[in-house]
Amino acid sequence: MSLITNVMDHSLDEGYAEAAARKKAAGESGMPKTLRARLGLAAGLVLAALVVTVGAAQARVAAPVVAKERQELVDRIDRETAAADDLEGTVDKLRDDVSARQRQALQKSGGNAQADLVSILAGATAVHGPGVKLVVNDAKEASSGGGGNPRETSGFSDTGRVRDRDMQRVVNGLWQSGAEAVSINGQRLTALSAIRAAGDAILVDNKPLVPPYTVLAVGDGDKVSTRFQNSPDGLYLHALQENYGIRTSISTEGDLRLPAAPSVIVRTAQPSTEKGTS
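The notes below deal with the structure included here. Predicted, not measured: the structure shown is a model, and the values here were computed from it. (Residues numbered from 1 in each chain as written. Predicted model: local features only at pLDDT ≥ 70, side-chain atom pairs only at ≥ 80, totals over all residues. Heavy atoms only, no water.)

**Brief notes about the sheet that holds strand β2 (residues 181-184)**
Ordered in space as β3-β2-β7-β1-β8, the 5 strands form an open sheet in which the pairing is antiparallel. Every interior strand has two partners, whereas the edge strands, β3 (187-188) and β8 (247-258), have only one. Of the pairings in the sheet, the one linking strand β1 (residues 127-137) to strand β7 (residues 213-218) comprises 6 bridges and is antiparallel in character. Looking at β7, one finds that valine 135 is bridged to threonine 214. (Pairing = 2+ DSSP bridges. Helix = DSSP H or I, 4+ residues; strand = E, 2+ residues; numbered from the N terminus.)

What follows is the structure, encoded as structure tokens:
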């Protein structure tokens with residue numbers, strides 16, 4: 001108790017108390033004593049106040065200019081976005097026109113069974129028939145998985161999200177299992193189709209898809225389904241389902257309808273004019 005009493009009675013250190021007493025006795029204060037020092041202090045205060053005032057005035061004057069420039073930028077973005085939308089619509093119309101002309105050219109080339117088969121395999125014409133419907137969806141609690149790519153080492157996803165390489169394996173597995181025509185979310189695939197990723201989105205021929213991913217494959221439904229599920233790609237998909245919660249379902253259908261591909265553009269290959277020798 002004596003220690004607590006001593007601390008309460010002498011809350012200020014004796015050295016600090018002595019220094020404060022000497023300063024008070026000498027009559028010192030925080031203000032400068034000489035006239036010159038006081039004038040300097042006053043000039044400094046006036047200068048500081050002037051700087052603050054000028055800065056506030058400039059900010060007030062510049063505010064409308066900044067707001068105007070911002071609105072002009074927003075308007076420009078809106079105009080460019082509208083122009084891009086118009087160009088995209090024009091591109092879609094031209095693709096449809098090219099596809100129609102390609103179909104007409106194939107029909108005029110003979111209209112025989114071989115030409116029809118080539119048109120179907122090239123994706124230049126719509127098809128229908130029995131086949132397999134495969135639905136692949138993200139896990140219920142899918143996450144983006146941070147900045148790293150867990151597929152780099154493990155080959156599987158620990159995020160519960162379907163990736164572009166998963167869909168590549170699914171499509172390739174269906175082709176190898178006997179599918180004659182394949183589409184994803186209503187978009188027909190051809191020999192020139194590309195399935196790739198842009199961030200977390202899956203693109204098919206540069207068009208983004210959203211889950212669930214519905215894959216339709218025309219062919220002998222029972223055979224295609226059995227072969228795919230027993231293939232390495234089918235087992236891969238099953239492993240994704242068992243280990244990472246990827247949701248899948250597969251069924252055979254009596255009549256599937258697949259649209260024609262938007263356009264089939266060949267840039268390198270040329271038809272051969274040489275006739276085979278007997």
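Structure's up, so let's keep going.
**A look at the sheet that holds strand β5 (residues 201-204)**
Pairing within the open sheet is antiparallel, and its 3 strands lie in the order β4-β5-β6. Sheet topology places β4 (195-198) and β6 (207-209) at the edges, where each strand pairs with a single neighbour. Mean inter-strand twist for the sheet, computed between neighbouring axes without regard to direction, equals 40°. Where β4 meets β5, 4 bridges bridge the pair, whose relative direction is antiparallel. Residue pairing in the sheet places isoleucine 195 in a bridge with valine 204 of β5. Helix-sheet contacts for helix α6 (residues 164-176) involve β4 and β5, and the interaxial angle to β4 is about 170°. (Axes fitted to C-alpha atoms, helices over the stretch in contact; angles between N-to-C directions. Contact = heavy atoms within 4.5 Å.)

**Observations concerning the nonpolar core**
One finds Met167, Leu174, Ile184, Ile195 and Val215 to be the most contacted residues of the largest nonpolar core, which totals 25 residues. Elements that contribute at least two residues to this core include exactly β1, α6, β2, β5, β7, α7 (221-230) and α8 (232-244). At 4 residues, the largest contribution of residues to this core is made by α6. Setting aside residues up to four positions removed in sequence, valine 215 forms contacts with Val132, Lys133, Leu134, Met167, Val170, Leu174, Val182, Ser183 and Ile184. Counting residues in hydrophobic clusters, the runner-up holds 6 residues, among them Val127, Leu216, Val218 and Leu258. (Core = buried A, V, L, I, M, F, W, Y, C linked by side-chain atoms within 4.5 Å. Buried < 20%, exposed > 50% of the residue type's maximum accessible area, 1.4 Å probe, protein only.)

**Points about a nonpolar patch on the surface**
Residues Leu47, Leu50, Val51 and Val54 make up a contiguous nonpolar surface patch of roughly 370 Å² in combined accessible area. Considering the arrangement of structural elements, one finds valine 54 in helix α3 (residues 35-108). The class of valine 54 is partly exposed, set by a relative accessible area of 40%. (Patch = residues over 30% accessible without salt bridge, like charges linked within 9 Å, V, L, I, M, F, W, Y side chains within 5 Å. Areas by Shrake-Rupley, 256 points an atom, 1.4 Å probe, with all protein chains shown as cover. Salt bridge = Lys/Arg side-chain N within 4 Å of Asp/Glu carboxyl O.)

**A closer look at the pattern of salt bridges**
Using the criterion set out here, one finds 2 salt bridges in the structure. Among the ionic pairs, arginine 169 bridges to aspartate 233, the shortest N-O distance being 3.0 Å. Linking arginine 169 in helix α6 with aspartate 233 in helix α8, this pair joins segments that are 64 residues apart in sequence. Here arginine 169 falls in the partly exposed class, since its relative accessible area comes to 30%. Residue classification places aspartate 233 among the buried positions, given a relative accessible area of 10%. Here arginine 257 makes a salt bridge to aspartate 255, at a shortest N to O gap of 3.7 Å. Given a relative accessible area of 60%, arginine 257 falls into the exposed group. Classification of aspartate 255 as partly exposed rests on a relative accessible area of 43%.

**Points about α8**
Between its first and last C-alpha, α8 extends 18 Å over 13 residues, near the 18 Å set by a 1.5 Å rise per residue. Every buried residue of α8 is accounted for by Asp233, Gly234, Tyr236, Leu237, Ala239 and Leu240. (Expected span 1.5 Å × (residues − 1).)

**A short note on a negative patch on the surface**
Together, Asp85, Asp86, Glu88, Asp92 and Asp96 make up a negatively charged patch on the protein surface. Relative to the elements of secondary structure, aspartate 86 occurs in helix α3. (Lys, Arg positive; Asp, Glu negative; His and termini not counted. Charge placed at Lys NZ, Arg CZ, Asp CG, Glu CD.)

**Describing the pairing of β7**
When you tally the buried positions in β7, you get 5 out of 6 residues, the bulk of the element. The sheet contact formed by β2 and β7 spans 4 bridges and is antiparallel. Within β7, the residue paired with isoleucine 184 across the bridge is valine 215.

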